[in-house]
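Chain residues, written in single-letter form:
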Amino acid sequence: MKDTNKLPDIQIEINGIAQTLYGLALQFNGECDTLPPEHMKDALIGTARHLERIYSDLVEFEKEIQ
């Protein structure tokens, strides 16, 4: 039997990353307040690390279902 319990968690994480990227994109809209560059950098680094963790989770998930 395939373990699909992790899929909803991964879906939530991916959606959270998408929302973060939308928020960062708004920084280039002249109608919004902007983050200082160091905060944008932190958000991008955090997003990259989050994606790396999701990748690792998917690799582990693939091993478990094979």
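First, a word on what this report is: a plain description of the structure on this page. (Residues numbered from 1 in each chain as written. Predicted model: local features only at pLDDT ≥ 70, side-chain atom pairs only at ≥ 80, totals over all residues. Heavy atoms only, no water.)

## Description of the overall build of the chain
Point 1. Counting its regular elements, the chain contains two helices and zero strands.
Point 2. The C-alpha radius of gyration computed for the chain amounts to 16 Å, which surpasses the reference 11 Å derived for 66 residues by more than 25%, pointing to a less compact arrangement than a globule.
Point 3. Along the longest, intermediate and shortest principal axes, the C-alpha atoms of the chain span 50 × 20 × 10 Å.
Point 4. In the chain, the proportion of contacts linking residues at least 24 apart, taken out of those at least 6 apart, comes to 71%.
Point 5. Only carbon and sulfur atoms are counted for the fraction: they give 58% of the accessible area of the chain, which is about 5400 Å².
Point 6. The centroid of the 6 positive side-chain charges in the chain is displaced by 7 Å from the centroid of its 12 negative side-chain charges. (Helix = DSSP H or I, 4+ residues; strand = E, 2+ residues; numbered from the N terminus. Rg over C-alpha atoms; globule rule 2.2 N^0.38 Å. Contact = heavy atoms within 4.5 Å. Areas by Shrake-Rupley, 256 points an atom, 1.4 Å probe, with all protein chains shown as cover. Lys, Arg positive; Asp, Glu negative; His and termini not counted. Charge placed at Lys NZ, Arg CZ, Asp CG, Glu CD.)

## Some thoughts on the packing of helix H1 (residues 6–26) against helix H2 (residues 37–65)
Point 1. Relative orientation of the contacting elements H1 and H2 amounts to 160°, with a least axis distance of 10 Å. As judged from the angle between their axes, H1 and H2 are roughly antiparallel. Crossing geometry of H1 relative to H2 is assigned as left-handed. Between H1 and H2, the contacting residues are Lys6, Leu7, Ile10, Glu13, Ile14, Ile17, Thr20, Leu21 and Leu24 on the first element and Met40, Ala43, Leu44, Thr47, His50, Leu51, Arg53, Ile54, Asp57, Leu58, Phe61 and Glu64 on the second.
Point 2. Across the contact of H1 with H2, the residue classes break down as 13 nonpolar, three polar and five charged. (Axes fitted to C-alpha atoms, helices over the stretch in contact; angles between N-to-C directions. Parallel < 35°, antiparallel > 145°, perpendicular 65-115°, else oblique. Left-handed = near helix turned anticlockwise from the far one by under 90°. Nonpolar A, V, L, I, M, F, W, Y, C, P; charged D, E, K, R; others polar.)

## Focus: the side chain of Gln27
Point 1. Tracing the chain through its elements places Gln27 in the loop between H1 and H2.
Point 2. Setting aside anything within four residues of it in sequence, one finds Gln27 in contact with Asp33, Thr34, Leu35 and Met40.

## Quick notes on the environment of Pro36
Point 1. Looking at the element boundaries, Pro36 is found in the loop between H1 and H2.
Point 2. On the basis of relative accessibility, which here comes to 31%, the residue Pro36 falls in the partly exposed class.
Point 3. Pro36 sits 30 residues away from Lys6 along the chain, and the two C-alpha atoms are 35 Å apart. (Buried < 20%, exposed > 50% of the residue type's maximum accessible area, 1.4 Å probe, protein only.)

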